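Chain by chain, the residues:
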Amino acid sequence: MNDLPPDLPRLRTLETWLTLTLDRVRQQIKDAEQREAERQHGIEARPPAPDWLIERGLSGQDAVYVHAGGCWNAGKRSKGVDRSTALHALTEGVAACPHCRPDTELGYFDG
């Protein structure tokens, strides 16, 4: 049983259609590979997460929490800081996050 047309003109038409379809599939593969390469480059080029965060209040002025860098509870208004800035914030009365306990990690004990 042969499901292809028997005559040359229809076979040539089918060949042309298959060639165009194959070209489209190859272009889609090329585009997908490019997107994956860009995604992988973005992952590799991402800067490391900060070790410490200071979370600001709604006004953006007052610091409300000090967090360890990977804290799941750090809000969107958090900014990465270095160790000395995090320690300074704690000594100035900024609260330590009760979830990640940066004061313990920093060796700061208020008392």
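What this report covers is the structure whose coordinates are included nearby. (Residues numbered from 1 in each chain as written. Predicted model: local features only at pLDDT ≥ 70, side-chain atom pairs only at ≥ 80, totals over all residues. Heavy atoms only, no water.)

**Details of the overall build of the protein chain**
Along the backbone of the protein chain there are 3 helices and 4 strands. Across the protein chain, helices and strands are ordered from the amino to the carboxyl terminus as α-β-β-β-α-β-α. For the protein chain, the C-alpha radius of gyration of 29 Å lies well beyond 13 Å, the compact-globule estimate for 111 residues. Referenced to the eigenvectors of the C-alpha coordinate spread, the extents of the protein chain come out at roughly 95 × 25 × 25 Å. A fraction of 44% describes how many contacts in the protein chain between residues 6 or more apart in sequence connect residues 24 or more apart. Roughly 8,800 Å² of accessible area belongs to the protein chain as shown, and the carbon and sulfur atoms make up 54% of that amount. Within the protein chain, the 17 negative side-chain charges are centred at a point lying 5 Å from the centre of the 14 positive side-chain charges. (Helix = DSSP H or I, 4+ residues; strand = E, 2+ residues; numbered from the N terminus. Rg over C-alpha atoms; globule rule 2.2 N^0.38 Å. Contact = heavy atoms within 4.5 Å. Areas by Shrake-Rupley, 256 points an atom, 1.4 Å probe, with all protein chains shown as cover. Lys, Arg positive; Asp, Glu negative; His and termini not counted. Charge placed at Lys NZ, Arg CZ, Asp CG, Glu CD.)

**Describing the sheet that holds strand β1 (residues 52-56)**
Pairing in this open sheet of 4 strands is mixed, and the strands run β3-β1-β2-β4 from one edge to the other. Each having just a single partner strand, β3 (78-81) and β4 (95-96) make up the two edges of the open sheet. Sheet topology note: the β1/strand β2 (residues 63-68) ladder contains 5 bridges and is antiparallel. By the bridge assignment for β2, R56 is matched with A63. On top of the sheet, helix α2 (residues 83-91) reaches β1, β2, β3 and β4; it is set at about 45° to β1, its chief contact. (Pairing = 2+ DSSP bridges. Axes fitted to C-alpha atoms, helices over the stretch in contact; angles between N-to-C directions.)

**Some thoughts on the nonpolar core**
By size, the foremost hydrophobic cluster in this structure holds 15 residues, and its most contacted members are W52, V66, A86 and L90. For this core, the secondary-structure elements that each account for two or more residues are β1, β2 and α2. (Core = buried A, V, L, I, M, F, W, Y, C linked by side-chain atoms within 4.5 Å. Buried < 20%, exposed > 50% of the residue type's maximum accessible area, 1.4 Å probe, protein only.)

**A few points about the pairing of β2**
Here β1 hands over to β2 after 6 residues, with G60 in that stretch at a positive phi of 85°. Note that β2 and β4 share 2 bridges and pair parallel. Bridge pairing in β4 links Y65 to A95.

Structural measurements only, silent on function.
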